[in-house]
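One letter stands for each residue in the lines below.
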Amino acid sequence: MAPTSKVVRSPTQRSGGAGELFQLLRDGRPQTRADLAARTGQARSTIAARVEQLLASGLVTPTGESASTGGRPPTTFVFNPAARLVVAVDLGALHGHVAITDLAANVLAERSEPLPINNGPDDVLGWVARTGLDLLAQSGRSLTEVVGVGVGLPGPVNHETGRLTNPPIMPGWDDYDVPVRLSAVFRTSVLVDNDVNIMALGEYHMAWRNVDHLLFVKIATGIGAGIINDGRLSRGAQGAAGDLGHVAVAGREDVPCRCGNAGCLEAVASGQAIAQSLREQGLDVPGSDEVVAAVRAGSLLAGQTVRQAGRDIGGVLATCVSLLNPAVIVLGGVVAEAGEYLLAGIREVVYRRSLPLATQHLRIVSSQAKGRAGIVGASIMVTDHVLSPTAVEALLA
């Protein structure tokens, strides 16, 4: 069973093997053997043996010496993120983004290109494989250094199997075995999740690690949410949590949705829906990018239409605020780049419709990840798995 992703915090007074000891070093702060012994309560000889194991694996490296209290200064040790690599993949409805990261989700090389997901799995995953191998070669690194591949896909994903279930915008992907396809190329484990879930992880890791309750909302070709509760990504029973795009919007029952229902939020307020509304009003905007460009160019019509979309989204988010009580709602995706028009519409309804206690300290903000939330989240998903105590023990063995 795949683990639940969580940002690692520094534990204290933990016992166990080298895998548990390694968790104390993942925050990147240099520590001595004496520091580790004090935090775990283990004998210095035990600590020394386990540090040697971690040094031999490359996961830990000496960093110098700490201040001496008399005698020879003790050596300090620190997590070495460069020891291994992750291939991180963020696939949207119309784009592909692949990166090579270290074990701290630092991007070493990346490439993003237009890539329609409805081209099908053979074409899209073929591009992912070629791009990943090319980026590895450009970085001067090898496949043997890759400990995992993380993939985000714009559809309902069973995280435990990595397979999609009836994805509405992804013909040919239903029940496709993505992990098998990519593990044959990269020769390592492959984890797959919904694209908005990994974006939530990425945004959380990059900007909000001091917040335990966060709702990340992607507004682009579709609309979806990633939920962080108590510092953990919440996927739901089958991995379908956060599917905001197909929540019904009151009074819009006449708007058909590609899922087969009518009045869905995606059909009313997604980038494509906004573009269609603007075309019907005489403004030539083919898609989401052009909607944002029109807003930035000062089009009053585009600004007003985006703000109304924000109100429709806000109506659904007000319910989410009442149910989940997040500390922050982060807006990402192409349409979120329209800025204050969208934010104003959402804030207007959320603050009006939600209870004062739930909104007392609630922040509604734009993404700070600058387009990297997906690949950073994909990397975090992998490292939380491969750097867990059990996985580190297996690696050392």
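Residues numbered from 1 in each chain as written. Predicted model: local features only at pLDDT ≥ 70, side-chain atom pairs only at ≥ 80, totals over all residues. Heavy atoms only, no water.

**Re the environment of Pro 179**
Here is step 1: With respect to the helices and strands, the residue Pro 179 is situated in helix H5 (residues 178-186).
Here is step 2: Remark: the alpha-carbon pair of Pro 179 and His 385, spanning 206 residues in sequence, is separated by 15 Å.
Here is step 3: Those residues in contact with Pro 179 that lie beyond four places of it in its chain are Thr 161, Gly 162, Val 190 and Val 192. (Helix = DSSP H or I, 4+ residues; strand = E, 2+ residues; numbered from the N terminus. Contact = heavy atoms within 4.5 Å.)

**Overview of the sheet that holds strand E11 (residues 214-219)**
Here is step 1: In spatial order, the strands read E13-E12-E11-E14-E15; together these five strands make up an open sheet with mixed pairing. Both outer strands of the open sheet, strand E13 (232-234) and strand E15 (363-366), are each paired with one neighbouring strand and no more. For this sheet, the mean inter-axis angle between neighbouring strands, taken without regard to orientation, is 25°.
Here is step 2: Both E11 and strand E14 (residues 328-332) contribute to a ladder of five bridges, which runs parallel. Bridge pairing in E14 links Lys 218 to Gly 332.
Here is step 3: Packed on one face of the sheet, helix H10 (residues 300-324) meets E11, strand E12 (223-229) and E14 and runs near 160° to E11.
Here is step 4: In the packing of helix H11 (residues 340-353) onto the sheet, contacts are made with E11, E14 and E15, and the angle to E15 comes to roughly 165°. (Pairing = 2+ DSSP bridges. Axes fitted to C-alpha atoms, helices over the stretch in contact; angles between N-to-C directions.)

**Focus: the nonpolar core**
Here is step 1: Of all hydrophobic cores here, the largest spans 43 residues; its most connected members are Val 217, Leu 317 and Leu 331.
Here is step 2: Secondary structure elements with two or more residues in this core: E11, E12, helix H7 (265-269), helix H8 (271-280), helix H9 (288-296), H10, E14 and H11.
Here is step 3: Residues contacting Leu 331, with those up to four places away along its chain left out, are Val 217, Ile 219, Ala 336, Leu 342, Leu 343, Ile 346, Ile 364, Val 365, Ser 366 and Ser 367.
Here is step 4: Judged by nonpolar contacts, the second largest core, of 34 residues, contains Val 124, Trp 127, Val 149 and Val 190. (Core = buried A, V, L, I, M, F, W, Y, C linked by side-chain atoms within 4.5 Å. Buried < 20%, exposed > 50% of the residue type's maximum accessible area, 1.4 Å probe, protein only.)

**Re unusual backbone geometry**
Here is step 1: Of note in this structure, Ala 105 is not a glycine but carries a positive phi near 65°.
Here is step 2: Positionally, Ala 105 belongs in the loop between strand E5 (95-101) and strand E6 (107-114).
Here is step 3: Look at Ala 105 and you get buried, because its relative accessible area is 8%.

**Some points on the pattern of salt bridges**
Here is step 1: Per the counting criterion, the structure on display carries 16 salt bridges.
Here is step 2: The partner of Arg 311 in a salt bridge is Glu 348, with the nearest N and O atoms 3.1 Å apart. Separated by 37 residues along the polypeptide, Arg 311 in helix H10 and Glu 348 in helix H11 bring together distant segments of the chain.
Here is step 3: What emerges from the salt-bridge pattern is a single network uniting Arg 307, Arg 311, Glu 348 and Arg 352. (Salt bridge = Lys/Arg side-chain N within 4 Å of Asp/Glu carboxyl O.)

**With respect to the pairing of E6**
Here is step 1: Sheet topology places E5 next to E6; seven bridges connect them, and they run antiparallel. Note that in E6 the partner of Gly 96 across the bridge is Glu 113.
Here is step 2: In this antiparallel pair of consecutive strands, E5 and E6, the connection spans five residues, and Ala 105 shows a positive phi of 65°.

**A short note on the packing of aromatic side chains**
Here a ring pair, both rings aromatic, is described through the centre-centre distance and the interplanar angle of the planes.
Here is step 1: Counted according to the given criterion, the structure contains two aromatic pairs.
Here is step 2: Pairing Phe 22 with Phe 79 gives two aromatic rings, centres 5.3 Å apart and planes at 80°, and the pair type is edge-to-face. One end of the pair, Phe 22, is in helix H1 (residues 18-23); the other, Phe 79, is in strand E3 (residues 75-79), and 57 residues separate them in sequence. (Phe/Tyr/Trp six-rings, centres within 6.5 Å; stacked < 30°, edge-to-face > 60°.)

**As for the state of the cysteines**
Here is step 1: Throughout the structure, instances matching the rule amount to zero disulfides.
Here is step 2: Considering cysteine sulfurs only, Cys 259 is the nearest to Cys 257, which forms no disulfide, with 3.7 Å between them. (Disulfide = S-S within 2.5 Å.)

**Overview of the packing of H8 against H10**
Here is step 1: Packing of H8 against H10 brings their axes to within 10 Å, and their N-to-C directions diverge by 140°. In terms of their interaxial angle, H8 and H10 are classed as oblique. In the crossing of H8 with H10, the sense of the turn from one axis to the other is right-handed. Here H8 contributes Ile 274, Ser 277 and Leu 278 to the contact with H10, which in turn contributes Leu 301, Ala 302, Thr 305, Val 306 and Ala 309. (Parallel < 35°, antiparallel > 145°, perpendicular 65-115°, else oblique. Left-handed = near helix turned anticlockwise from the far one by under 90°.)

**Digging into the side chain of Asn 194**
Here is step 1: With respect to the helices and strands, Asn 194 occurs in strand E10 (residues 190-194).
Here is step 2: At a separation of 2.9 Å, a polar atom in the side chain of Asn 194 contacts the main-chain carbonyl oxygen of Gly 155.
Here is step 3: Polar contacts involving the side chain of Asn 194 include one to the main-chain amide nitrogen of Val 196, which spans 2.9 Å.
Here is step 4: With near-sequence residues (within four places) excluded, Asn 194 lies in contact with Gly 152, Leu 153, Pro 154, Gly 155 and Val 157. (Polar contact = N/O pair within 3.5 Å; in protein donor to acceptor, adjacent residues only side chain to side chain.)

Remember that the coordinates give geometry; whether it matters functionally is a separate question.
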